[in-house]
Amino acid sequence: QVQLVESGGGLVQPGGSLRLSCAASGFTFSWYAMSWYRQAPGKERELVAAIASAGGNTNYADSVKGRFTISRDNAKNTVYLQMNSLKYEDTAVYYCKAHRRVTGIDYWGQGTQVTVSS
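Anyway, here's the lowdown on the structure attached to this text. Only a predicted model underlies this, so the values are computations on that prediction, with no experimental measurement involved.

Conventions we followed
- Residues numbered from 1 in each chain as written.
- Predicted model: local features only at pLDDT ≥ 70, side-chain atom pairs only at ≥ 80, totals over all residues.
- Heavy atoms only, no water.
- Helix = DSSP H or I, 4+ residues; strand = E, 2+ residues; numbered from the N terminus.
- Rg over C-alpha atoms; globule rule 2.2 N^0.38 Å.
- Buried < 20%, exposed > 50% of the residue type's maximum accessible area, 1.4 Å probe, protein only.
- Contact = heavy atoms within 4.5 Å.
- Lys, Arg positive; Asp, Glu negative; His and termini not counted.
- Charge placed at Lys NZ, Arg CZ, Asp CG, Glu CD.
- Pairing = 2+ DSSP bridges.
- Axes fitted to C-alpha atoms, helices over the stretch in contact; angles between N-to-C directions.
- Phe/Tyr/Trp six-rings, centres within 6.5 Å; stacked < 30°, edge-to-face > 60°.
- Lys NZ or Arg CZ within 6 Å of the ring centre and 35° of its normal.
- Polar contact = N/O pair within 3.5 Å; in protein donor to acceptor, adjacent residues only side chain to side chain.

Some remarks on the overall build of the protein chain
And step 1. A tally of regular secondary structure across the protein chain gives 0 helices and 11 strands.
And step 2. When the helices and strands of the protein chain are listed from N to C terminus, the series reads β-β-β-β-β-β-β-β-β-β-β.
And step 3. What you see for the protein chain is a C-alpha radius of gyration of 14 Å, in line with the 13 Å of a compact globule of 118 residues.
And step 4. For the protein chain, the C-alpha atoms occupy an extent of roughly 40 × 25 × 25 Å along the three principal directions.
And step 5. Per-residue burial over the protein chain gives 39% buried out of 118 residues.
And step 6. When contacts within the protein chain are restricted to residue pairs at least 6 apart in sequence, long-range pairs at least 24 apart make up 53% of them.
And step 7. Positive and negative side-chain charges in the protein chain, numbering 12 and 8 respectively, have mean positions lying 5 Å apart.

Rendered as C-alpha cells:
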C-alpha cells in the first residue's frame, strides 16, 4: 500500500539545522511531484517547498527562501528538506505530499514534529 514516512524532526535551537526525509513506497515515486507542508498550532497547513517529479524545478514559500532546500533522490524514493537558520516560527508539524497532476491524486505522510526552542 501507499506509504509516505517522514523522519528527521526534533528539537533544535534557533539558528540550528535539521534535515527531514520522506521515504515513499507503494507507488511510482518518479511520476509524482513532491512537496513539504507544515502546520503550526492554531494555523492552517501551508506549503513550504515543492519539487517537480524529475527534480528540476523547485519553489519555496517566501518565509523559507534562502534557508530551506528541497531535494529528491528518485533512486531511493525519498524527498528531503534541509532546513537551516531555523527560527521559532518554523515550529510545526511537517508533512510530505506526493501529487500527480495528470490524475489529481495526492498522498500524504503522517507528519514529523519540528520544534525550535532555546
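What follows continues from the structure just given.
Describing the sheet that holds strand β7 (residues 68-73)
And step 1. Taken in spatial order, the 4 strands line up as β1-β3-β8-β7 in an open sheet, and their pairing is antiparallel. Two strands close off the open sheet at either side, each with one partner strand: β1 (3-7) and β7. Strand-to-strand twist in this sheet, taken as the mean axis angle between neighbours without regard to direction, amounts to 15°.

Side note on the pairing of strand β11 (residues 112-116)
And step 1. A one-sided burial pattern is seen for β11, the buried positions being T112, V114 and V116 and the unburied ones Q113 and T115.
And step 2. The pairing of strand β2 (residues 10-12) with β11 spans 3 bridges and is parallel. Its bridge partner being in β11, V12 is matched across the sheet by V116.

Describing the packing of aromatic side chains
And step 1. Applying the stated criterion to the full structure yields 5 aromatic pairs.
And step 2. Note on F27 and Y107: the rings are 5.1 Å apart at their centroids and 45° apart in plane angle, and the pair reads as tilted. Of this pair, F27 sits in the loop between β3 (18-25) and β4 (33-39) while Y107 is found in strand β10 (residues 105-108), placing the two residues 80 residues apart along the sequence.
And step 3. Y107 sits in the partly exposed class, given a relative accessible area of 21%.
And step 4. We note R19 situated over the ring of Y80; from NZ or CZ to the ring centre the distance is 4.0 Å.
And step 5. Seen from the ring of W108, R45 lies directly overhead, with NZ or CZ sitting 4.7 Å from the centre.

Things to note about the environment of T78
And step 1. Mapping T78 onto the fold places it in strand β8 (residues 78-83).
And step 2. Distance in space between the C-alpha atoms of T78 and W31 is 13 Å, their sequence separation being 47 residues.
And step 3. T78 has contacts with S21, C22, A23, F29, S71, R72 and D73, leaving out every residue within four places of it along the chain.
And step 4. Within polar-contact distance, the side chain of T78 engages the backbone oxygen of K76 at 2.8 Å.

Notes on the side chain of S35
And step 1. With respect to the helices, strands and loops of the structure, S35 is situated in strand β4.
And step 2. Not counting chain neighbours up to four residues away, the residues in contact with S35 comprise L47, A49, A50, I70, Y95, C96 and K97.

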